[in-house]
Amino acid sequence: MKKLMLASALFCSTVLAISGCQSMSKNTVSVAYSTTQADTLDIPKNQVMQWSSGYNWQLSEVTRDDGQLIPIQSTNPIRLAIDPGRLHFYQGCTHDKIDLFSGAPPLSYSSYIVQLPATCTNSSTDDYNIRTLFEDYGTYMFGIKLLPTISLTAQDDTTASPKRLALTMENGNQLIFTGMAKPLLSPPIGLPISTKLLANYKWHLESAVANHYDEQGKLMNREPISDFYHPDYPISFEIFSQPENSIISFGSNCNGSGAPYFLLDDNTLKVGMIISTMMGCGETGNRIETTLFNFMQESSSTLTLSMQLQSATGNTGDYPHYNLLQTMATGETLIWKNEPKKIP
């Protein structure tokens, strides 16, 4: 089972109401574009990471705090992929990750780099890799910001032009990545879903089912996930938006929690590492909560929104009543129903 990471203070500010948060020959890589016009992307701070996840990024240059270029001698390009609360760096067969914890603006993140198992075995070793760009602080600080858009010619549509993303290191160096948008996503089905809509309500779990398929992909049977049906531990989630980040919080009537998340244009919900308060919930409550957190953290799912039929359910109230279907990448299906958040 995945181990909950409780050492970071990243989400403490969101669970203030719940006290106790614990928490080739070698070539020099350079920009391949000339800046003939530029625009500034108007992306809210708490949406920069989610927006950046829609691009394929490659390291294009490194600059010192005085603006001077640092030559990058490398056989394989350094690529960047962004998940909720985590950065992935790929170079040839190597894979390194950074889990993001809160820092002090403008260096908004504190972290350390971890080398993961190789993704393949047939590429040459690079003397110059992502670890050489991070001084050996153990833990270090850095910031992430968007740079003006690069255009190939003055007539280019800047919305389709390469974008630039900078990681500003504690020593003043900047790692500048150039990115192109990933292929268009499949159009979502159901009613439109937005972060604002989800954040307006508290969502209560009504149904959680594990689906079992045969080798041909035919559904054989459906089995309720028993830990998610205990009457004393009702399961819910809420979304909170803050100036620097947005988080999703899962609960089962005991501890509070928080995790970074992305809601993509195709209604894919990606949840990062969960951080939780540490109150004891009893043997049953601890089991249910551990199952819930392990199930949701570092997960990917697809959301589908529909209206409840009030004539059939007898719903009352002056707000719309929704069914939110969550289909996990691992095959389980969950149904959530909404109610307005209570104003403190």
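Up top is the structure.
Residues numbered from 1 in each chain as written. Predicted model: local features only at pLDDT ≥ 70, side-chain atom pairs only at ≥ 80, totals over all residues. Heavy atoms only, no water.

### Topic: the overall build of the chain
For the chain, the helix and strand inventory stands at four helices and 23 strands. Split into buried and exposed, the 344 residues of the chain put 45% on the buried side. Carbon and sulfur atoms make up 54% of the accessible area of the chain, which totals about 17800 Å². (Helix = DSSP H or I, 4+ residues; strand = E, 2+ residues; numbered from the N terminus. Buried < 20%, exposed > 50% of the residue type's maximum accessible area, 1.4 Å probe, protein only. Areas by Shrake-Rupley, 256 points an atom, 1.4 Å probe, with all protein chains shown as cover.)

### Overview of the pattern of salt bridges
Applying the stated criterion to the full structure yields seven salt bridges. Here D66 ties to R64 by a salt bridge, and the two come within 2.7 Å at their closest N and O atoms. The class for D66 is partly exposed, based on a relative accessible area of 46%. Residue R64 is classed as partly exposed on the basis of its relative accessible area, which comes to 38%. In this structure, R86 and E298 form a salt bridge, with 2.9 Å as the shortest nitrogen-oxygen distance. One end of the pair, R86, is in strand β6 (residues 86–91); the other, E298, is in the loop between α3 (282–296) and β21 (300–307), with 212 residues separating them in the sequence. Where salt bridges share partners, they join R86, K97, D99 and E298 into one cluster. (Salt bridge = Lys/Arg side-chain N within 4 Å of Asp/Glu carboxyl O.)

### Digging into the pairing of strand β11 (residues 140–147)
Of all eight residues in β11, six are buried; the element is thus mostly enclosed. Where strand β9 (residues 107–111) and β11 come together, three bridges link them in antiparallel fashion. Bridged to S110 within β11 is M141. Alignment of β11 against strand β12 (residues 163–169), held across six bridges, turns out to be antiparallel. Looking at β12, one finds that I144 is bridged to L167. (Pairing = 2+ DSSP bridges.)

### Quick look at the environment of T302
Inspection of the secondary structure assignment puts T302 in strand β21. Owing to a relative accessible area of 36%, T302 belongs among the partly exposed residues under this scheme. In this structure, the C-alpha to C-alpha distance between T302 and T268, residues 34 residues apart in sequence, is 4.5 Å. Dropping the residues within four chain positions of it, T302 is found in contact with D266, N267, T268, L325, Q326 and T327. (Contact = heavy atoms within 4.5 Å.)

### What to know about the state of the cysteines
Under the definition given, this model contains two disulfides. Here C93 connects covalently by a disulfide to C120, the sulfurs 1.8 Å from one another. Residues C93 and C120 are joined by a disulfide whose S-S torsion is about -100 degrees; by sign, that bridge is left-handed. Residue C93 is found in the loop between β6 and β7 (94–99), and its partner C120 is found in the loop between β10 (113–116) and β11; the two are separated by 27 residues along the sequence. C93 gets classed as buried once you look at its relative accessible area, which sits at 7%. Residue pairing for C254: its cysteine sulfur links by disulfide to C281, the two sulfurs lying 2.0 Å apart. Sign of the S-S torsion, about -95 degrees for the bond between C254 and C281, identifies this disulfide as left-handed. (Disulfide = S-S within 2.5 Å.)

### A few points about the pairing of strand β17 (residues 246–251)
In terms of burial, β17 is largely enclosed, as six of its six residues are buried. Residues of β17 alternate between two faces, with S246, I248 and F250 on one and I247, S249 and G251 on the opposite face, all of them buried. When strand β16 (residues 236–241) meets β17, the two strands line up antiparallel, connected through six bridges. Looking at the pairing, I239 lines up with I248 of β17. As paired strands, β17 and strand β18 (residues 257–263) are joined by two bridges and run antiparallel to one another. Residue pairing for β18: I247 is matched across the bridge by P260. Where β17 folds back onto β18 in an antiparallel hairpin, the turn is made up of five residues, including N253, whose phi is positive at roughly 70 degrees.

### With respect to the environment of A199
Its place among the elements puts A199 in helix α2 (residues 195–199). Separated by 38 residues in sequence, A199 and F237 place their C-alpha atoms 9.8 Å apart. For A199, the residues in contact, after removing those within four places along its chain, are I239 and K341.

### Focus on the environment of M278
Looking at where M278 falls in the secondary structure, it is placed in the loop between β20 (275–276) and α3. Considering only alpha carbons, one finds M278 and G256, 22 residues apart in sequence, at a separation of 8.5 Å.

### Describing the packing of aromatic side chains
Taken as a whole, this structure holds 14 aromatic pairs when the rule is applied. Relative to Y112, the ring of F101 has its centre 6.5 Å away and its plane inclined at 25 degrees; by these criteria the two rings are stacked. Here the residue F101 occupies a position in strand β8 (residues 101–104), and Y112 occupies one in the loop between β9 and β10, the gap between them amounting to eleven residues. Overall, the relative accessible area of 15% leaves F101 in the buried class. Site record: aromatic cluster; members linked through ring pairs are Y201, W203, F237, F250, Y319, Y322 and W336. (Phe/Tyr/Trp six-rings, centres within 6.5 Å; stacked < 30°, edge-to-face > 60°.)

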